[in-house]
Amino acid sequence: MELIQNTADLSAYLAADEVIDHHHPLVRETAARLAQGAADSYVYARSAFEFVRDTIPHSQDSGDLRVTWRASDVLERRTGICYAKAHALAALLRAEDIPTALCYQKFDEVHGLVAVRFNGAWHRQDPRGNKPGVDAQFSLDGERLAFTPDPEFDELDYPVLYAEPHPVVLSVLKAAPDRPHLWKALPVAL
């Protein structure tokens, strides 16, 4: 699948905003801590990915009812669904000048992940969190995502790489008072 940037301006994939708030002190502090032992940007990116994947539980898996959407809130509260975890990873990567896009897959609902740019190409990564049957790994040598769409079931990979969260995703996250309400409102397509 060919990944398509929704903007040609690569600097948009480094920008901070209300959601990917990599200017926030907690994001900066976390990024600095992760960068301390990293020999290069690839090692840092893998460390940031593993940090988000392994230390921030997916709220559905952990039973946490809180809904987070802003990267700094995900890091502070240590919870989030796939979209929120993707926002946190994007902020940590952008904080260290690694271009990062948000991207999506369609299953029963839309699933969120990120793509990082290394060596002139985009590489999708899924920080959702591992569990039995899910083994996502950081990789630039072929995707190791949490899920693989099955076209027979109308599942698919959306090829668009967004510099900002998709508006439908963001509006659903912001409107949900808790995860049970969010689960009823998750988008089924973009």
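Everything numeric here is computed off the predicted structure, so don't read it as measured data. (Residues numbered from 1 in each chain as written. Predicted model: local features only at pLDDT ≥ 70, side-chain atom pairs only at ≥ 80, totals over all residues. Heavy atoms only, no water.)

It is worth spelling out the sheet that holds strand β5 (residues 156-157) at this point. Working definition: the strands of a sheet are paired by backbone hydrogen bonds and lie parallel or antiparallel to each other. Taken together, 4 strands build an open sheet; the order of strands is β4-β3-β2-β5 and the sheet is antiparallel. Whereas interior strands pair on both sides, the edge strands pair on one side only; in this sheet they are β4 (121-125) and β5. With 7 bridges connecting them, strand β2 (residues 100-106) and strand β3 (residues 110-118) associate as antiparallel partners. Bridge assignment links Lys-106 to a residue of β3, and that residue is Val-110. (Pairing = 2+ DSSP bridges. Helix = DSSP H or I, 4+ residues; strand = E, 2+ residues; numbered from the N terminus.)

A word on the UniProt feature "domain: Transglutaminase-like" (unreviewed entry) in the protein. Within this numbering scheme, the UniProt entry marks residues 29-127 as carrying the feature "domain: Transglutaminase-like" (unreviewed entry). Along residues 29-127, the helical share is 47% and the strand share 21%, with 20 Å between the first and last C-alpha atoms. (UniProt positions renumbered as here; feature names shortened; annotations may be inferred.)

A separate point is the pairing of β3. Working note: regular strand, side chains alternate between the two faces of the sheet. With 8 of its 9 residues buried, β3 lies for the most part within the structure. A loop of 3 residues connects β2 with β3, the two strands running antiparallel in sequence. In this sheet, β4 lies alongside β3 in antiparallel orientation, the contact comprising 5 bridges. Considered in β4, the bridge of Val-114 is made with Gln-125. What sits between β3 and β4 in their antiparallel hairpin is a turn of 2 residues, with Asn-119 showing a positive phi close to 55°. (Buried < 20%, exposed > 50% of the residue type's maximum accessible area, 1.4 Å probe, protein only.)

Summed over all chains, the structure comprises 11 salt bridges. A salt bridge links Arg-66 to Asp-64; the shortest N-O distance between them is 2.7 Å. Taking relative accessible area as the criterion, Arg-66 reaches 38% and is therefore assigned partly exposed. Exposure remark for Asp-64: the relative accessible area of 17% places this residue in the buried category. Across the pair Asp-157 and Arg-124 runs a salt bridge, and its minimum N-O distance is 3.0 Å. With a gap of 33 residues between them, Asp-157 in strand β5 and Arg-124 in strand β4 connect regions that are remote in the sequence. Owing to a relative accessible area of 25%, Asp-157 belongs among the partly exposed residues under this scheme. It is possible to trace a salt-bridge network through shared partners that takes in Glu-18, Arg-70, Asp-73 and Lys-174. (Salt bridge = Lys/Arg side-chain N within 4 Å of Asp/Glu carboxyl O.)

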